[in-house]
Structures are given as structure tokens and as C-alpha cells.
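Close look at the chain arrangement
The chain contents come next:
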Amino acid sequence: MSTRPSPSGPEFVLAYVPPALDPLARIARAYDRAVRACEDFDSITALEWIGMLRAALVLDSPSAFGFDALYAKCEKAVRAGDFMEPARTLRALRRAWFAAADAQASSPGRTSPATPFLN
């Protein structure tokens, strides 16, 4: 907390520090925004968020190439005016991420699989 002078006296300024999101929460947020854009028939925003998901991939594994192909298919569909199929695909991928995280959390001692996304 800091103060700065004002004509009416000291004014207290609180700096907002957003909470840090874990990688899964960041991925979920990107999926949510992409799905919402598809539901709103907003091609510009949908392509922006799908592009962000693609840009976050580290293309060093077969699973990453699979994700990239799915995102490319979603982008192609949005450009063609089809918003429902990308929304379904993105929802399914989001659910799969959480299912994988739940499975990982329920099996202690198992090593973490390499995620195709940057942290």
C-alpha cells in the first residue's frame, strides 16, 4: 500500500496483484473464451483464442501434433462459417484436460506426462 498526495489529503492506493493461475487453469480459460466466441458466432475472437491455443503448443511430440491438427480443423471450420463443430471439439478437449488431471491426481507416485503446452 502506498500513499500519494491529493488536494483533500493523502489518498491510499492499493495495487491489485492478480492471483497466479496454474497451467491447467490458463488452458481452461483459453478454451472457455474460444468456445464462448464460437457460441457468439464471433469469428475474429474465436480465431484469436484458437490461435493462442495453437501458439502455446510445443510441437515436440505426437500428441502435440494431434492437438495442432484439431486446432487447424477448428480454424478452418470457423473460417467457413461453422461454429458448432469447433465449439464441440474445444469443449471435448477441455473436458479431456480435466479428466487427465483428475487421473493424474488420483494416482500418486505416477510421473507426470509431458504436457504439449508451455507453462
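Definitions and limits used
- Residues numbered from 1 in each chain as written.
- Predicted model: local features only at pLDDT ≥ 70, side-chain atom pairs only at ≥ 80, totals over all residues.
- Heavy atoms only, no water.
- Phe/Tyr/Trp six-rings, centres within 6.5 Å; stacked < 30°, edge-to-face > 60°.
- Helix = DSSP H or I, 4+ residues; strand = E, 2+ residues; numbered from the N terminus.
- Expected span 1.5 Å × (residues − 1).
- Buried < 20%, exposed > 50% of the residue type's maximum accessible area, 1.4 Å probe, protein only.
- Contact = heavy atoms within 4.5 Å.
- Salt bridge = Lys/Arg side-chain N within 4 Å of Asp/Glu carboxyl O.

A look at the packing of aromatic side chains
- For the structure on display, the rule yields four aromatic pairs.
- For the pair Phe-41 and Phe-83, a centre-to-centre distance of 5.4 Å together with 85° between the ring planes defines the contact as edge-to-face. Of the two residues, Phe-41 is situated in the loop between α1 (23-39) and α2 (43-55) and Phe-83 in the loop between α3 (62-79) and α4 (84-106); the sequence distance between them amounts to 42 residues.
- An aromatic cluster of at least three residues, connected via ring pairs, comprises Tyr-31, Phe-67, Tyr-71 and Trp-97.

Some words on α3
- Counted at 1.5 Å a residue, the expected span for α3 with its 18 residues is 26 Å, and the 26 Å between its end C-alpha atoms agrees.
- The set of residues buried in α3 consists of Ala-64, Phe-67, Asp-68, Tyr-71, Cys-74, Glu-75, Ala-77 and Val-78.
- Check the buried side of α3 and you find it contacts α1, α2 and α4.
- One or two residues past the end of α3 sits Gly-81, with phi positive at roughly 90°.

So, the pattern of salt bridges
- In this structure the tally under the stated criterion is six salt bridges.
- In this structure, Arg-94 engages Asp-32 in a salt bridge whose closest nitrogen and oxygen atoms are separated by 2.6 Å. Remark: Asp-32 occurs in helix α1 and Arg-94 occurs in helix α4; sequence separation between them is 62 residues.
- The exposure class of Arg-94 is partly exposed, given its relative accessible area of 27%.
- A relative accessible area of 37% means that Asp-32 is categorised as partly exposed.
- As a salt-bridge pair, Arg-36 and Asp-40 come within 3.1 Å of each other at their nearest N and O atoms.
- When salt bridges that share partners are traced, they join Arg-54, Asp-68 and Glu-75 into one network.

Function cannot be read off these values alone, since they describe shape.
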